[in-house]
Amino acid sequence: MTVLWQNVVFGALIGGLYGLAAVGLSLVFGVLNMLNVAHGELLMLGGYAAFWLFTLFGVDPFVSILPSAAALFLVGILLYRVLFERLVSAPGETKLRNSILIGFGVSLVLQALALIAWTADDRAVTTAAAGTVLPLGGAVVPVVRLGALVVAFLVLGGVHLFLRRARFGRAIRATADDPGAASLVGIPVGTVFAVAFGLGSALAGVAGALVSTTDAVSPAIGLSWTLKALIVVVLGGVGHIFGTFVAGVLLGVAESVSGFFLGNAYREVMGLVLFLIVLSVRPQGLFARE
Amino acid sequence: MPGSAAPLLEVASLSKAFGGLLAVDDLSFTIDSGEILGLLGPNGSGKTTTFGLVAGALRPDGGEIRFAGRPVTRWPASRRAALGIARTFQLVRVFPGLTALENVLVACLYGRRRVSSPARAGADAAALLERVGAAHKRNTPARDLTLGERRRLEIARALATHPRLLLLDEPVAGLTPTEVDAAVALFRGIRAEGVAIALVEHNVRAVRALCDRIVVLHAGRKIAQGTPEDVFAHAAVVEAYLGRR
C-alpha cells in the first residue's frame, strides 16, 4: 500500500512537468494552428542551459529558469521568423502538416547539434538539496521534485494571468480566436504570432531547467517529451492552462501506477491507451467546454 | 460633410471576377463624410464582394479605390483599417473566447487613436458597450451572447477603432423588430458624429429609415441609384432586386 502511494506521489510530481511542457506546445498550437514537434528538443536545450550554468558557474537550476527561459524565447522567435512564419498564410490543414514536417527537421538538427556539442552522455544536476525528502502519509517527497512542481504551477499561474489581464495577453487571445478580425482592430498579428511562439519555447526552457534537477538530460530526450506533451494537450484540451496542468498530473500518476501494477515496461503504454480512450470518448479534451 | 470638395470614399470602375463569374463589374460610386449609402440587390449581386474590396480583404482585378484622398487599392486590410475603414461581417466575427468588454477593449488598445492608459481604455470600452446596449453583458464571453448581442458587440468593437467609414453587412438580419428600431437609432447616432456608413441590408424598413442614397446592384453592375424615394419608386427594382428574406 505504501509503495503504491509512493508511486502516486512520484507520478504526480513528474506529471506537473508534463503539464508545463504541454502548455507551451498548446499555446503555439492554439494561437498559430501549428504543431511544433521540436518542442521536446527545445526542452532539451533548456535542460542543457541549466546543466552548464550549474557545472560551470554553480548556478542552481531553480535560478537558471530565468536565463533558460530568456534564451529559449529568443531561439523560439528565431525559429519562427526563419522557418515557421512562411506557413502563416497557408490554409489550415496545409499549415498544420507543414509545421509538423518543419518541426521534425528542426528536432533532427537540434539533436545532432547537441550530440556534437555535448556528447550523448546523460547529464544531471545534483544540488545540495538533492537528497532531502519530506514525509507525506508514509511516502517520501523529494524536496527538489516538489520544488519543480510548485514552480511549474506558479509559472502556469503567471502565464494564465498574463493572457487574462495583460494588454498583450488579450491581443494573443483575440488573435487565437480570429487573426483576420484581430488585424482589423489594429492588433499587430505578425508580432503576436512571433511572441506566442517565443513564449511557448520559453515554457519549454523553464521545463527543461526543472527536468535537469530530477531527470537525466541527453540529446535524445526530446521526442519522448514531445509525445508526453501531445498526449497531455489532447487529454486537457487546447487553451485550458489549468486543465492541461491537471491532465499532466493525471498522466504522471497513471503512468506511475500502471508501472507499479504491470511492470515498468508498460508505463508508456498506459499514456497512449489513455490518449486513445480520450480521443474516442471526449475528443475535445477532458476539460474543454464544447 | 456632404457637398464638400472630395468624397471620403471614391470607387471607380471596380471589377472582380471569381473564375469565370464577374462578381463586381465596372462599379463606381462615392460616399461623403456623414453620409449613409445603401447597397441593395439580390443575393449574389456583388454587395459583400464590394465590401471585401473596399475593406481590403479582396484584391480587385481592375479599378481604383481612393479613401480620404489616398489611393488605397493595393493596401492590405490592416492598413486601411488604420486609416479609418471598419467593417462588420454578415456572419458575425467577434472574439468568442474574450468577454464582451475585452472584445471592445482590445480595439480601444490597438485601434486608430490607440489609448495607452488601461484605465482610460477600460472606461472607453465600457461606454461603447453601454451605447450599443450590451453593458449588462460586459463580463460574459462573447460565445455565450445572443445573435443580436453579438451583432451589437461587433459594432461596438468597430466603433472603438474610431472609423471614418463603417461598412455594415446585414447588421439587422435576424433581429426582432424592437432590436431593428434600436439599431436604426444607433446608426443615426453614429452618422451624427460625422462617420460615414455603407449599408448592405435586405430589411426595407431599415434601409428607408437610414439611407441618404441607394445604389442598386444586379449581377455585379450598378442598375440604379438615387434617394430611397426614387429607387423604391422603380417598380422593377422593388420587384426584381430587393431579394426579400
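Residues numbered from 1 in each chain as written. Chains lettered and ligands numbered in written order. Predicted model: local features only at pLDDT ≥ 70, side-chain atom pairs only at ≥ 80, totals over all residues.

Draft legend 1. Up close: the overall build of chain B. Looking only at helices and strands, chain B features 9 helices and 10 strands. Here chain B has a C-alpha radius of gyration of 18 Å; the compact-globule value for 245 residues is 18 Å, and the two agree. Expressed along its principal axes, the backbone C-alpha trace of chain B runs to roughly 50 × 40 × 40 Å. In chain B, which comprises 245 residues, the share counted as buried stands at 46%. Here the contacts in chain B between residues at least 6 apart in sequence split such that 67% fall between residues at least 24 apart. (Helix = DSSP H or I, 4+ residues; strand = E, 2+ residues; numbered from the N terminus. Rg over C-alpha atoms; globule rule 2.2 N^0.38 Å. Buried ≥ 20, exposed ≤ 12 C-beta atoms within 10 Å, placed from the backbone. Contact = placed C-beta atoms within 7 Å.)

Draft legend 2. A look at the sheet that holds strand β2 (residues 21-31) of chain B. Residue and element names in this part refer to chain B. Read from one edge to the other, the open sheet built from 4 strands follows the order β2-β1-β4-β5, with strand pairing classed as antiparallel. Among the strands making up the open sheet, the edge pair consists of β2 and β5 (70-71). Two elements, strand β1 (residues 9-18) and strand β4 (residues 62-67), share 5 bridges in a ladder whose sense is antiparallel. Across the sheet, Leu-9 pairs through a bridge with Phe-67, a residue of β4. (Pairing = 2+ DSSP bridges.)

Draft legend 3. Representation of the domain arrangement of chain B. Residues and elements named next belong to chain B. Examined at the domain level, chain B breaks down into domain 1 (1-84 + 165-181 + 196-245) and domain 2 (92-162). Between the C-alpha centres of domain 1 and domain 2 there is a distance of 25 Å. Contacts between the two partners involve 8 residues from domain 1 and, on the opposite side, 7 residues from domain 2. Classifying every residue of the side of domain 1 that touches domain 2 gives 5 nonpolar, 2 polar and 1 charged. (Domains from an automatic or database assignment. Nonpolar A, V, L, I, M, F, W, Y, C, P; charged D, E, K, R; others polar.)

Draft legend 4. Summary view of the nonpolar core. Core analysis: the biggest nonpolar cluster contains 168 residues, and Ala21(A) and Ala196(A) have the highest contact counts within it. Looking at which domains feed residues into this core, each of domain 1 (1-84 + 165-181 + 196-245) and domain 2 (92-162) of chain B supplies at least three. In this view, Ala21(A) contacts Leu43(A), Ala204(A), Ala207(A), Trp225(A), Lys228(A) and Ala229(A); residues no more than four positions away in its chain are not counted. (Core = buried A, V, L, I, M, F, W, Y, C linked by C-beta atoms within 7 Å.)

Draft legend 5. Fine view of helix α5 (residues 143-165) of chain A. Residues and elements named next belong to chain A. Over its 23 residues, α5 extends 32 Å from the first C-alpha to the last, a length consistent with the 33 Å expected when each residue adds 1.5 Å. Regarding α5, the residues found buried are Val-144, Arg-145, Ala-148, Leu-149, Val-151, Ala-152, Leu-156, Val-159 and Leu-163. Structurally, α5 contributes buried residues whose contacts are with α1 (2-32), α3 (61-84), β2 (139-142), α6 (167-177), α8 (189-214) and α10 (241-262). (Expected span 1.5 Å × (residues − 1).)

Draft legend 6. Summary view of the packing of α1(A) against α5(A). Residues and elements named next belong to chain A. Contact geometry for α1 and α5: axes closest at 8 Å, N-to-C directions at 30°. Comparing their axes, α5 and α1 come out roughly parallel. With respect to the hand of their crossing, α1 and α5 are arranged in left-handed fashion. Listed contacts from α5 to Leu-13, Gly-16, Leu-17, Gly-19, Leu-20 and Val-23 of α1 are Arg-145, Leu-146, Ala-148, Leu-149, Ala-152, Phe-153, Val-155, Leu-156 and Val-159. Considered class by class, the residues forming the contact of α1 with α5 number 12 nonpolar, 2 polar and 1 charged. (Axes fitted to C-alpha atoms, helices over the stretch in contact; angles between N-to-C directions. Parallel < 35°, antiparallel > 145°, perpendicular 65-115°, else oblique. Left-handed = near helix turned anticlockwise from the far one by under 90°.)

Draft legend 7. Representation of the interface of chain A and chain B. The interface is formed by 13 residues belonging to chain A together with 22 residues belonging to chain B. It is α6(A) that provides the largest number of residues to the side of chain A that touches chain B, a total of 6 residues. Classifying every residue of the side of chain A that touches chain B gives 6 nonpolar, 2 polar and 5 charged.

Draft legend 8. Seen up close, the packing of helix α3 (residues 100-110) of chain B against helix α4 (residues 118-131) of chain B. All names here are of chain B. Two elements in contact, α3 and α4, have axes whose closest approach is 8 Å; the angle formed by their N-to-C orientations is 125°. Comparing the axis directions of α3 and α4 gives the class oblique. When the axes of α3 and α4 are compared, the crossing they make is right-handed. Only Ala-121, Gly-122, Asp-124, Ala-125, Ala-126, Leu-128 and Leu-129 of α4 make contact with α3, whose side of the interface consists of Ala-100, Leu-101, Val-104, Leu-105, Cys-108 and Leu-109. Residues of the contact of α3 with α4, tallied by class, amount to 11 nonpolar, 1 polar and 1 charged.

Draft legend 9. Region of interest: the pairing of β1(B). All names here are of chain B. For β1 and β2, the ladder comprises 7 bridges, and the chain directions are antiparallel. Counterpart to Leu-14 in the pairing with β2 is Leu-27. Linkage of β1 to β2, two consecutive antiparallel strands, is achieved through a turn of 2 residues, within which Gly-19 is found at a positive phi near 60°.

Draft legend 10. Looking closely at the sheet that holds strand β9 (residues 213-218) of chain B. Residues and elements named next belong to chain B. Across the sheet, 6 strands lie side by side as β6-β7-β8-β3-β9-β10; this open sheet has mixed pairing. Strands with a single pairing partner mark the edges of an open sheet, and in this sheet they are β6 (85-87) and β10 (221-226). On average, adjacent strands in this sheet sit at an angle of 20° to one another, irrespective of strand direction. Of the pairings in the sheet, the one linking strand β3 (residues 36-40) to strand β8 (residues 196-200) comprises 4 bridges and is parallel in character. Across the sheet, residue Gly-38 finds its bridge partner in β8, namely Leu-199.

Draft legend 11. How the structure looks around the confidence of the model for chain B. Residues with a pLDDT of 70 or more make up 93% of chain B, whose mean pLDDT is 90. Scoring of the predicted complex yields 0.89 for pTM and 0.85 for ipTM. (pLDDT = per-residue confidence, 0-100.)

Draft legend 12. Representation of the environment of Thr213(A) in the model. All names here are of chain A. Summarising the element assignment, Thr-213 is placed in helix α8. As a C-alpha pair, Thr-213 and Ala-124 span 89 residues in sequence and 6.6 Å in three-dimensional space. Excluding its chain neighbours within four sequence positions, the residues that come into contact with Thr-213 are Pro-61, Val-125, Thr-127, Val-144 and Ala-148.

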